[in-house]
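Single-letter residue listing:
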Amino acid sequence: MNRETPPQFEKVVIGRTTILVKDKYRDPILSQKDAFSEKTKERKLFPGVSLLKGRNLIPCIPIKGSQERMIIKHYEHGGLFRKITKDILWGSSRPFRELVILETASQRGIPVPEVLAARVEKILGPFYKGEIVYKEIPDSTNLLDYLKGLNRRTTEEKISLKRQIIDSLAEAIKKMHTSGIYHADLNVKNLLIRDTGKGIQVYLLDFDCSRITKNVSLKARIKNLARLNRSCEKWRAQVTDRDKLRFFLSYFKGNRLVEANLRKYVRRCAHFHLVHRIYWKFFG
Ligand SMILES: Nc1ncnc2c1ncn2[C@@H]1O[C@H](COP(=O)(O)OP(=O)(O)O)[C@@H](O)[C@H]1O
Ligand SMILES: [Mg+2]
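Not measured: the values here are computed from a predicted model.

Caption draft 1: Representation of the overall build of the chain. Each helix and strand in the chain was counted, giving eight helices and 13 strands. For the chain, with 284 residues in total, the buried portion stands at 29%. Once local pairs closer than 6 in sequence are excluded, the contacts in the chain between residues at least 24 apart make up 60%.

Next comes the structure, spelled out in structure tokens:
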């Protein structure tokens, strides 16, 4: 077994292509391996294909012989290289790394989608193209879209759902950090909400370029949370300052250092406002 192949996965080599596939899904995935082709985005090629919106369109297709569906994400460069090299990657295999992180996260009890396979196709030397396959979480929406949809609910429903989401997300993200996983792109579209009508389930998505370490430092955690906060502002997510405070308190619950500093900070703010109120009363 290869160092990169986690238990329950099999390594299949076909010419210049290597596929790590979950044993349970081996046959349906290998028999549908044409779906890895970029052309799957053209709806006609696969009966029942639907397209999800990420950085690109991501095909989601029925898994042969089951009611479940799989999502096949083709990797591309981000940033500056995106226009130049597009989907030609180099160095160590991003699809296999993400597969290992997702498997580890799942074993550590973090709510993530089940990873079914990853594929790397060598082109020349260190250059390759690749994909990852996740199991679709049915009836789910990313947090940004879910929050938009809440406008149709009554105020009470909205408050109650938001509270459940904030507390569940804070717990999931805290668990990810305490388990030693640093997310490379924690943002409001990489959080998935499944509203079953009986309760809310949350999932963390998109672990491309993320890292497993012994310990995620406080600085790194804050960096993750600050990125999430920035994404809320950038995409105008419907979250209030009160929501953010609730999340922050929920995430840091039980952290004596932060709680003590927070108390000090709140006291200082209260004192500051008291001084201001007195000033306004007499001189305002
Ligand atoms: N396992 C899944 N089940 C259901 N929807 C998903 C799943 N994975 C991703 N999505 C949807 O697809 C979108 C893009 O997925 P993501 O992995 O973040 O791709 P990208 O790298 O393009 O950002 C997410 O915002 C979410 O709406
Ligand atoms: Mg994403």
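Caption draft 2: Fine view of unusual backbone geometry. One non-glycine residue with positive phi stands out, namely Asp139, at about 50°. With respect to the secondary-structure elements, Asp139 resides in the loop between β8 (127–135) and β9 (140–142). With 11 C-beta atoms counted inside 10 Å, the residue Asp139 sits in the exposed group. Positive phi outside glycine occurs at Arg236, with the angle close to 50°. Mapped onto the secondary structure, Arg236 falls in the loop between α6 (218–234) and α7 (241–251).

Caption draft 3: Representation of the pairing of strand β4 (residues 57–62). Both strand β3 (residues 50–53) and β4 contribute to a ladder of four bridges, which runs antiparallel. If you follow Leu51 over to β4, its bridge partner there is Pro59. The hairpin formed by β3 and β4 contains three residues between the paired strands. As paired elements, β4 and strand β5 (residues 69–74) share three bridges and run antiparallel to each other. Bridge pairing in β5 links Ile61 to Met70. In this structure, the hairpin formed by β4 and β5 is closed by a connection of six residues, where Gly65 is found at a positive phi of approximately 75°.

Caption draft 4: Spotlight on α6. The end-to-end C-alpha distance of α6, which contains 17 residues, comes to 24 Å, matching closely the 24 Å that a straight helix rising 1.5 Å per residue would cover. Positive phi appears at Arg236, one or two residues downstream of α6, with a value of about 50°.

Caption draft 5: Representation of the packing of helix α5 (residues 155–178) against α7 in the model. At a minimum axis separation of 9 Å, α5 and α7 run at an interaxial angle of 40°. Accordingly, the angle class assigned to the pair α5 and α7 is oblique. By crossing handedness, the relation of α5 to α7 is classed as right-handed. For the pair α5 and α7, the contacting residues are Lys162, Ile166, Asp167, Leu169, Ala170, Ile173 and Lys174 in the first and Asp243, Arg246, Phe247, Ser250 and Tyr251 in the second. Its residues placed into classes, the contact of α5 with α7 shows six nonpolar, one polar and five charged.

Caption draft 6: Highlighting the sheet that holds β9. Overall, antiparallel pairing links the three strands, which are arranged β9-β11-β12 in an open sheet. Of all the strands in the sheet, the pair left with one neighbour each is β9 and β12 (200–204). Direction aside, neighbouring strands of the sheet carry axes that sit 25° apart on average. The strands that α5 touches are β11 (191–195) and β12; relative to β12, the one it contacts most, it runs at about 35°.

Caption draft 7: Molecular detail of the site of ligand 1. The full set close to ligand 1 counts 17 residues, and Gly54, Arg55, Pro113, Asn142 and Asp206 are the nearest of them. When residues of the shell around ligand 1 are traced back to their parent elements, those giving at least two are β5 and β9. Among the residues forming the shell around ligand 1, the class breakdown is eight nonpolar, four polar and five charged. Counting only domains with at least three residues in the shell around ligand 1, you end up with domain 1 (9–135) and domain 2 (140–251).

Rules used throughout
Residues numbered from 1 in each chain as written. Chains lettered and ligands numbered in written order. Predicted model: local features only at pLDDT ≥ 70, side-chain atom pairs only at ≥ 80, totals over all residues. Helix = DSSP H or I, 4+ residues; strand = E, 2+ residues; numbered from the N terminus. Buried ≥ 20, exposed ≤ 12 C-beta atoms within 10 Å, placed from the backbone. Contact = placed C-beta atoms within 7 Å. Pairing = 2+ DSSP bridges. Expected span 1.5 Å × (residues − 1). Axes fitted to C-alpha atoms, helices over the stretch in contact; angles between N-to-C directions. Parallel < 35°, antiparallel > 145°, perpendicular 65-115°, else oblique. Left-handed = near helix turned anticlockwise from the far one by under 90°. Nonpolar A, V, L, I, M, F, W, Y, C, P; charged D, E, K, R; others polar. Near = placed C-beta within 6 Å. Domains from an automatic or database assignment.

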